[in-house]
Amino acid sequence: MKKFYKQFKELPIPKIFLIMLCMLFTGTVAISQNLKKVTGTVLDEQGETIIGATVMVKSSGGRGTVTDINGKFTIDVPDNAILVISYMGFLKQEISTEGKIDIRVILKANAQELETVVVVGYGVVRKKDLTGATASVSSKTLKDQPVASITEALQGRAAGVMITNSGAPGSNSSIRIRGLGSINDSSPLVVIDGVPTDLNLNAINQNDVESIDILKDASATAIYGSRGANGVVLITTKKGKDGKGTFAFSSNVAVQDAIGVPKLLNASQFASLHNEMMVNAGNAQRPDFTDPTTWGEGTNWYDELIQTGMMRNTSLSYSGGNEKSTYYVSGSVFDQKGIVINTDFKRYTAQFNNESKTLSWLKFGNNLTFSHDKKRNGSYDILGTMRALPTQPVYDDEGNYSGPGNNAQWYGDMRNPIGTANLEKNETKGYNLLGNIYGEATILKKIVFKTLGGIDYKDWNSVSFSPKYDWKPIPVPQSTRGEGWNKSITYLWDNTLTYMDTFAGKHSLNAMIGSSAQNNDFRYINGSKKEFLSDDYNQLNNGLLEPQIGGGRSEWSLLSFFGRVNYSYDNKYLLTATVRRDGTSRIASKNRWGTFPSFSAAWRITEESFYKKNNILSDAKLRFGYGETGNQAPLDTYAAITRLNTSQYVFNGTPVATLYPLVMPSPDIKWEVVKQWNLGVDASLLNQRIDVTFDTYIKNTSDMLVGMSVPITTGYSDIYTPQINAGKVQNKGWEFTISSRNTTGAFEWNTNANVSYNKNEIKKLDGDVPIYFGSQVHAVGKPVSAFYGYVTNGIFQNLTDVNNYALQVDGGTAPGDIRFRDLDNNGVINEFDRTFIGNPTPYWIFSMNNSFNYKNFDFQVYLQGVAGNEIYNGNRVSLEGMSTTVNQSVKVLDRWTGEGTSNVIPRAVYADPNNNNRSSNRFIEDGSFVRLKSVILGYTLPSKALAKAYISNARFYISGNNLLTLTNYSGFDPEVSGVDSGNYPFTRTLNFGIDIKF
């Protein structure tokens, strides 16, 4: 339907991308009196024609029509008839026809209904006519957020959608819709202005985004077929509107500081701990640690690495148009200095959106997004910095970066983390073009053809350089430079044919068929050299030693045919049916094509004749849907065929080239399939003061891709193994959203809240054999990526405890060591005593936003959180391990030092003979949190004060992000994806901004 909508002008409210489902209420009652023919045109306040507006004869028993593709209508009426004209998002209007044969109607926008239109695949639809599960976020919600990516502003705004951010400048966010549908890639499909893309969303200026619509259930996503299994995120950029040209200027400056700063041992505390470690291991103490108190505070390496961050974002746009064309042009600059030294991100964007109506039946348009970004990652090591010894200075006596001594037991083996962060270079530059050019033709009165050509071009290159230096403990005698270049270009060609009609008084039909062809070509090349005559001139051409070069190319194509029918009877019985057939080059010919159907239905109860209208329940709709979708993201481009590798060997002193099979083919491979059921309710209460939406779903993934066991006797690699369709995963849960207009008038108070519950479980694997990786496991009956390890049972307090317990480590266990449970009761603690110890995926996601407006002031408070998940705090393995010569957390000050001193933190002993630091529930923590995500206070200057300066609107605001977090988690921040180990520090942000229109 989006394709059909493009044929007419943008409506006056940016949020309304509305294609009316042609509500026809043609009367069937015979009228004996004389009738006259009345024609007319329906427009909005900007003079844009409105297609599909309902024109009814008042008190006629259903006589009516709808406006056509040009906003015009014709109807036979009695001479004194009253016409009632209505359209979603606008106030209803009554017009007398007495003495009139041609009418011009201008509908005024209804602010209460502006948020009731959502974008769906290849079209738009009124929210009240939706039959699937969706969520919408407008530009109003996204604004004023001091973030680098629109996904950060989206966090918590939609029920059932979980977004996590790493915090590093220029990093991408993880988006999950209704849980993890696979042990592989569970990222949703992102479509920007009709073009599917894997573009990093921090490449887009959020001020250019008009709306974000999220398709959640399979009945809504099946129109995207083999790419809709994990949900679909539809991003629509801003368009121009008919009227005077408008400049919009926006600028904000933000400062950032690290939160959750770790408390580490000072030099004296570390010296004392180190002495104890050495004594307990029977090793000699470091000579200069004889009196630990003389060392004082020492070096705080973490403070040396962290700085105050800054963000600046400035954008300028110009938009407007007339009855023939509209335009939107913008440019922006975003500059972020990270809180870790030598990390930053700069982005430049330009947006060009245009639409021109060249003939009454033909129009053309384009949506183009350009961006260029520069990201400096440095060579920081967060965990390594915290591990660095406080007894070691940053610089030695000669002003060079210091290093530990030669004895690793005494001095450690950590390279100076500040030196590497300052000297080693790691930069990436990206160039992106994303957009489309389209044309629309009204072939017949009710048939529209649209063709769209799209492009997604990404070009990025990286440079790394490490100079030579002579630091302890290990000098780097040679400089090294590496460079890489990557190019990905995807072409898209979509064609749709849409038919829209109303008939027999109560039937509305919108039918669409289409095709889509997409092709991607990816190429890369990289190279490196070592040793330069001068590190100041370290181009690859100047390198002297060890030249390395590599490169490759891959290509894939996708051809699709699809169709959708939307049917409405009497505005109370709604039906949507879609089907898509995809063919992909990634799969062998026998499985190449797949069909993905869906259907959904809705019943608007409050439109029934038996329902008595009231202000308690003013609108209620039941929805039900089922659909099948696919996930081709995990598919290797050439999974169906044998992959070969080249090499060389020496025969009789002569190098000989050879070609050998590397990965066994998987000719039967196909995409993962998701079958999803959804049941939902939409309701408006208390005269539309409260809107609620409730959905419950069951989402079953089958044919999930898992690695196949390959015997080495086959001649193929047993490390690089093929994938086969052998797994199943189930997600089931519910979502609840509520919006309320608490007070109106001079003081406005609105509340929006949502909460969702999801349970994730693996139902099947290849032979139901668990897949272990690190401290996690994929296992049948458990969540995806469940934590797996030993279960602690306190601390051995004395030798009797050790001797009377199951054998843990022969000769290695002593009082003060951790006691692990003997789950199989065989008297020995071994790998068979490991078990499920935690779930990294939250059961609950929730948020609440309260907005207040009084005169020229506006104020918002936004809370967001998750519950029911665990985090494996990998930082504690190092910082509470007390087994190697690295610094520790202050928590080890409460370690076991004798009987009865601790039953939680073990003894300090070098080399950890009992393996106290093995993966166990010792490092599992509750990941639940509630965060004061943002607070915004704004003031809009009075219009009278701005008139002389030709300014139509000016607003100043101050905002804060991540101001307060309530959690039991002891790490930096609980917003991590499962395992927390050396992650970029989370930040608190204070932001000042201004928005001006003129």
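About the criteria used
- Residues numbered from 1 in each chain as written.
- Predicted model: local features only at pLDDT ≥ 70, side-chain atom pairs only at ≥ 80, totals over all residues.
- Heavy atoms only, no water.
- 1 Å grid on protein atoms, 1.4 Å probe; cavity = no way out; pocket = protein on both sides within 12 Å on 5 of 7 lines; lining within 4 Å.
- Points joined across faces, edges and corners; volume = space filled by probe spheres on them.
- Helix = DSSP H or I, 4+ residues; strand = E, 2+ residues; numbered from the N terminus.
- Nonpolar A, V, L, I, M, F, W, Y, C, P; charged D, E, K, R; others polar.
- Core = buried A, V, L, I, M, F, W, Y, C linked by side-chain atoms within 4.5 Å.
- Buried < 20%, exposed > 50% of the residue type's maximum accessible area, 1.4 Å probe, protein only.
- Contact = heavy atoms within 4.5 Å.
- Expected span 1.5 Å × (residues − 1).
- Pairing = 2+ DSSP bridges.
- Polar contact = N/O pair within 3.5 Å; in protein donor to acceptor, adjacent residues only side chain to side chain.
- Axes fitted to C-alpha atoms, helices over the stretch in contact; angles between N-to-C directions.
- Salt bridge = Lys/Arg side-chain N within 4 Å of Asp/Glu carboxyl O.
- Phe/Tyr/Trp six-rings, centres within 6.5 Å; stacked < 30°, edge-to-face > 60°.
- Lys NZ or Arg CZ within 6 Å of the ring centre and 35° of its normal.
- Patch = residues over 30% accessible without salt bridge, like charges linked within 9 Å, V, L, I, M, F, W, Y side chains within 5 Å.
- Areas by Shrake-Rupley, 256 points an atom, 1.4 Å probe, with all protein chains shown as cover.
- pLDDT = per-residue confidence, 0-100.

Some thoughts on empty space enclosed by the protein
- According to the stated counting rule, one finds nine cavities of 30 Å³ or more in the structure shown.
- What lines the largest cavity is a set of 26 residues, and nearest its centre among them are E152, G167, Q256, Q336 and T987.
- Among the elements of the structure, strand 47 (953–967) and strand 49 (987–997) are those that each provide at least two residues to the lining of the largest cavity.
- Looking at side-chain class alone, the lining of the largest cavity contains 10 nonpolar, 14 polar and two charged residues.
- By volume, the second largest cavity is sized at about 220 Å³.
- V120, L130, T131, N566 and T576 are the residues nearest the centre of the second largest cavity, which is lined by 22 residues in total.
- Those elements that provide at least two residues to the lining of the second largest cavity are helix 4 (218–221), strand 26 (543–569) and strand 27 (573–584).
- Residue composition of the lining of the second largest cavity, by class: 10 nonpolar, 10 polar and two charged.

Considering the nonpolar core
- Counting residues in each nonpolar core, the largest one holds 28 residues, and the members touching the most others are V161, I192, L201, V209, I212, I214 and I235.
- Residue assignment for this core shows that the elements contributing at least two residues are strand 10 (134–138), helix 3 (150–154), strand 11 (161–165), strand 12 (173–177), strand 13 (189–192), strand 15 (209–215), strand 16 (232–237) and strand 22 (425–444).
- The contacts of L201, once residues within four sequence positions are left out, are S149, I150, T151, N172, I175, V190, I192 and I235.
- If you look at the next biggest cluster of nonpolar residues, it comprises 24 residues, including A258, M386, V476 and L879.

Quick look at the layout of surface pockets
- Computed from the structure, the second largest pocket encloses a volume of approximately 1200 Å³.
- Taken together, 45 residues line the second largest pocket, and the ones lying closest to its centre are T197, D198, L199, N200 and K458.
- The class makeup of the residues in the lining of the second largest pocket is 14 nonpolar, 21 polar and 10 charged.

Describing helix 5 (residues 267–281)
- Taking 1.5 Å of rise per residue, 15 residues should cover 21 Å, and helix 5 covers 21 Å from first to last C-alpha, within 8% of that figure.
- Listing the buried residues of helix 5 in full gives A267, S268, F270, A271, L273, H274, N275, M277 and M278.
- For helix 5, the secondary structure elements touched by its buried residues are helix 8 (408–411).
- In the segment just after helix 5, G282 is the residue with positive phi, at about 75°.

A short note on the sheet that holds strand 44 (residues 870–873)
- Strand order in the open sheet made by the three strands is 45-44-48, with mixed pairing throughout. The open sheet has two edge strands with one neighbour each: strand 45 (924–926) and strand 48 (979–980).
- Two elements, strand 44 and strand 45, share three bridges in a ladder whose sense is antiparallel. Bridged to E870 within strand 45 is D926.

Details of the pairing of strand 31 (residues 654–663)
- Where strand 30 (residues 643–651) lies against strand 31, nine bridges are found, and the strand directions are antiparallel. Paired with R643 across the strands is V663, a residue of strand 31.

Notes on the environment of N422
- You can see N422 is positioned in helix 9 (residues 417–423).
- Residues N422 and L662, 240 residues apart in the sequence, show an inter-C-alpha distance of 40 Å.
- Within the local environment of N422, its side chain forms a polar contact with the side chain of Y401, the two groups lying 3.1 Å apart.

Quick look at the sheet that holds strand 4 (residues 72–77)
- Strand order in the open sheet made by the three strands is 4-1-7, with mixed pairing throughout. Here the strands that pair on one side only, and so sit at the sheet edges, are strand 4 and strand 7 (102–106). Ignoring strand direction, the axes of neighbouring strands in this sheet form an average angle of 30°.
- As paired strands, strand 1 (residues 36–43) and strand 7 are joined by five bridges and run parallel to one another. Each residue of the ladder has a partner; that of T41, found in strand 7, is R104.

Side note on the pattern of salt bridges
- Summed over the entire model, instances satisfying the criterion amount to 42 salt bridges.
- The salt bridge partner of D691 is R741, with a shortest N-O separation of 3.6 Å. Note that D691 is positioned in strand 33 (residues 690–707) and R741 in strand 34 (residues 723–743), a separation of 50 residues in sequence.
- Linking R931 and D973 is a salt bridge whose minimum nitrogen-to-oxygen distance equals 2.8 Å. One end of the pair, R931, is in strand 46 (residues 929–940); the other, D973, is in the loop between strand 47 and strand 48, with 42 residues separating them in the sequence. An identical accessibility class is assigned to R931 and D973; each is buried.
- Each of E355, K363, E440 and K450 takes part in salt bridges that share partners, so that together they form one network.

Section: the packing of aromatic side chains
- Scanning the model with the defined rule gives 38 aromatic pairs in all.
- Note on F787 and Y872: the rings are 6.2 Å apart at their centroids and 35° apart in plane angle, and the pair reads as tilted. Of this pair, F787 sits in strand 38 (residues 786–789) while Y872 sits in strand 44; the two residues are 85 residues apart in sequence, bridging distant segments of the chain. Of the two residues examined, F787 and Y872, each falls in the buried class.
- Taking the ring centre of Y438 as reference, the NZ or CZ of K450 above it sits at 4.4 Å.
- Between the NZ or CZ atom of R819 and the centre of the ring of Y805, over which it lies, the distance is 5.7 Å.

Digging into a nonpolar patch on the surface
- On the surface, V255, F857, F859, L937, I958, L990 and F992 cluster together into a nonpolar patch covering about 570 Å² of accessible area.
- Of all the secondary structure elements, the ones that give two or more residues to the nonpolar patch are strand 43 (857–867) and strand 49.
- Along the polypeptide, F992 turns up in strand 49.
- Relative accessible area serves as the criterion here: at 46%, F992 is assigned to the partly exposed category.

Considerations on the environment of K446
- Looking at the secondary structure, you find K446 in the loop between strand 22 and strand 23 (447–466).
- Separated by 214 residues in sequence, K446 and V232 place their C-alpha atoms 29 Å apart.
- Setting aside chain neighbours within four positions, we find K446 in contact with T498, Y499, M500 and D501.

Notes on the side chain of N850
- On the secondary structure map, N850 appears in strand 42 (residues 844–854).
- For N850, a relative accessible area of 14% translates into the label buried.
- For N850, the side chain forms a polar contact with the side chain of W749, separated by 2.8 Å.
- Within the local environment of N850, its side chain forms a polar contact with the side chain of T751, the two groups lying 2.6 Å apart.

Here we look at the confidence of the model for the protein chain
- Summary statistics for the protein chain give a mean pLDDT of 89 and a share of 95% for residues scoring 70 or more.
- Residue range residues 1–33 is modelled with pLDDT below 50. Its contacts to residues more than four positions away, or to other chains, number 167 contacts.

Notes on unusual backbone geometry
- A positive phi angle, close to 60°, is found at Y122, a residue other than glycine.
- By the element assignment, Y122 lies in the loop between strand 8 (117–120) and strand 9 (123–126).
- Its identity as a non-glycine residue notwithstanding, N825 has a phi of 55°, on the positive side.
- Relative to the assigned elements, N825 resides in the loop between strand 40 (818–820) and strand 41 (835–838).

Thoughts on the side chain of S560
- Within the fold, S560 resides in strand 26.
- Of note is the side chain of S560, whose polar atom sits 2.9 Å from the side chain of R580.
- Non-local contacts of S560, meaning those with residues more than four positions away in its chain, are made with G514, S515, S516, R580, R581 and D582.

Let's talk about the environment of G978
- On the secondary structure map, G978 appears in the loop between strand 47 and strand 48.
- In this structure the C-alpha to C-alpha distance between G978 and G874, which are 104 residues apart in sequence, comes to 9.9 Å.
- When near neighbours in sequence (up to four residues on either side) are disregarded, G978 contacts F787, P840, E870, I871 and Y872.

Some remarks on the pairing of strand 35 (residues 747–764)
- Here 15 bridges tie strand 34 to strand 35, and the two strands are oriented antiparallel to one another. Residue pairing across strands places W734 opposite Y757, the latter belonging to strand 35.
- What sits between the antiparallel neighbours strand 34 and strand 35 is a turn of three residues, in which G745 has the positive phi angle 100°.
- Relative to strand 42, strand 35 is paired through 11 bridges, and the arrangement is antiparallel. Within strand 42, the residue paired with W749 across the bridge is F852.

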